[in-house]
Amino acid sequence: MKSATGPVGYPRDGLPEISFLGRSNVGKSSLINSLLGVRQLARTSSTPGRTQLINFFLINEALYFVDLPGYGYARAPVDVKRQWGPMVEQYLATRPNLVLSILISDLRHEPTRLDLQMKEWLSSRGKPFIIVATKADKLSGNQLKVSLSRGARVLDGAEMIPYSAVTRKGADRIWKEITKRTVEA
Ligand code: GTP
Ligand code: MG
């Protein structure tokens, strides 16, 4: 629908917004596409740093999915890195339409200090959020268990919803959370 770097570019129709955030390359854009059952609505890439603007996707004229640029991409150009913090923080901190943030982590890797900081920032500001752990299809059943409990430990006991953009396993639980914050709100 539209892309923005700041408030002048945000939609003005007052609809609720669900934001997707996490480290670069964790699968934010893939999660958006697979929840909607469409390919490449949000552009995905095996190269980190694909998403560099705040992208708003209008869903059924009822809500927006907001694809945020990933953080912690070490090789991003300096001006991109300098812009990331203020651009994303301004959106998360000031946007009244934001009803839920989906913090995404890659099950194959232990959540980082940045993930923990992001989670604590959201909690401390009373921003509703859920944590989704992606790429579950890349792990065996036992690896999945180990990785989920390791993630919960690193993220201070937070619950993680396992998800795969390939099989869409976990989509129902995520949609339930989204519906709770939008339709029923
Ligand atoms: P940036 O916009 O660069 O921050 O990345 P992103 O978080 O939007 O990640 P993106 O969706 O572009 O996915 C990164 C890579 O991971 C792509 O090659 C995807 O195909 C792959 N990927 C994402 N989710 C999954 C998943 O659930 N399973 C598997 N097997 N691959 C995935
Ligand atoms: Mg992306």
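For the structure given in this document, a descriptive report is provided here. (Residues numbered from 1 in each chain as written. Chains lettered and ligands numbered in written order. Predicted model: local features only at pLDDT ≥ 70, side-chain atom pairs only at ≥ 80, totals over all residues. Heavy atoms only, no water.)

1. Focus on the pairing of strand β2 (residues 17-22)
Stage number 1. In terms of burial, β2 is largely enclosed, as six of its six residues are buried.
Stage number 2. Burial along β2 is two-sided: the residues Glu17, Ser19 and Leu21 and Ile18, Phe20 and Gly22 are all buried.
Stage number 3. Taken together, the four bridges between β2 and strand β4 (residues 63-67) define a ladder with parallel strand orientation. Its bridge partner being in β4, Ile18 is matched across the sheet by Phe65. (Buried < 20%, exposed > 50% of the residue type's maximum accessible area, 1.4 Å probe, protein only. Helix = DSSP H or I, 4+ residues; strand = E, 2+ residues; numbered from the N terminus. Pairing = 2+ DSSP bridges.)

2. Let's talk about helix α1 (residues 28-36)
Stage number 1. By the criterion of burial, α1 is predominantly enclosed, with seven of the nine residues buried.
Stage number 2. At its buried positions, α1 is contacted by β2, β3 (54-59), β4, β5 (98-106), β6 (129-134) and α5 (171-181).
Stage number 3. Just past α1, the residue Gly37 takes up positive phi, approximately 70 degrees. (Contact = heavy atoms within 4.5 Å.)

3. Looking at the nonpolar core
Across soluble globular proteins, you tend to see nonpolar side chains buried next to one another.
Stage number 1. Grouped together as the largest cluster of nonpolar side chains are 28 residues, with contacts concentrated most on Ile54, Phe56, Val66, Leu68, Tyr91, Leu92 and Met118.
Stage number 2. When contributions to this core are tallied by element, the ones reaching two or more residues are β3, β4, α2 (78-94), β5, α3 (113-124) and β6.
Stage number 3. Per-element tally for this core: the top contributor is α2, with five residues.
Stage number 4. Counting 21 residues, the second-largest nonpolar core is a separate cluster that includes Leu31, Leu100, Ile161 and Tyr163. (Core = buried A, V, L, I, M, F, W, Y, C linked by side-chain atoms within 4.5 Å.)

4. A look at the packing of aromatic side chains
Stage number 1. Scanning all chains against the criterion turns up six aromatic pairs.
Stage number 2. Residues Tyr10 and Phe56 carry aromatic rings whose centres are separated by 5.7 Å and whose planes lie at 55 degrees to one another, so their mutual orientation is tilted. Here Tyr10, found in the loop between β1 (2-4) and β2, pairs with Phe56, found in strand β3; they are 46 residues apart in sequence, far enough to count as distant. Phe56 matches Tyr10 in its accessibility class, with the two residues each being buried.
Stage number 3. Seen in terms of ring centroids, Phe56 and Tyr91 are 6.1 Å apart; in terms of plane orientation they differ by 70 degrees. Their pairing is edge-to-face. In this pair, Phe56 is assigned in strand β3 and Tyr91 in helix α2, connecting sequence segments 35 residues apart.
Stage number 4. A relative accessible area of 0% means that Phe56 is categorised as buried.
Stage number 5. Residue classification places Tyr91 among the buried residues on the basis of a relative accessible area of 0%.
Stage number 6. Each residue in the set Tyr10, Phe56, Tyr64 and Tyr91 is aromatic and connected to the rest through ring pairs, giving one cluster. (Phe/Tyr/Trp six-rings, centres within 6.5 Å; stacked < 30°, edge-to-face > 60°.)

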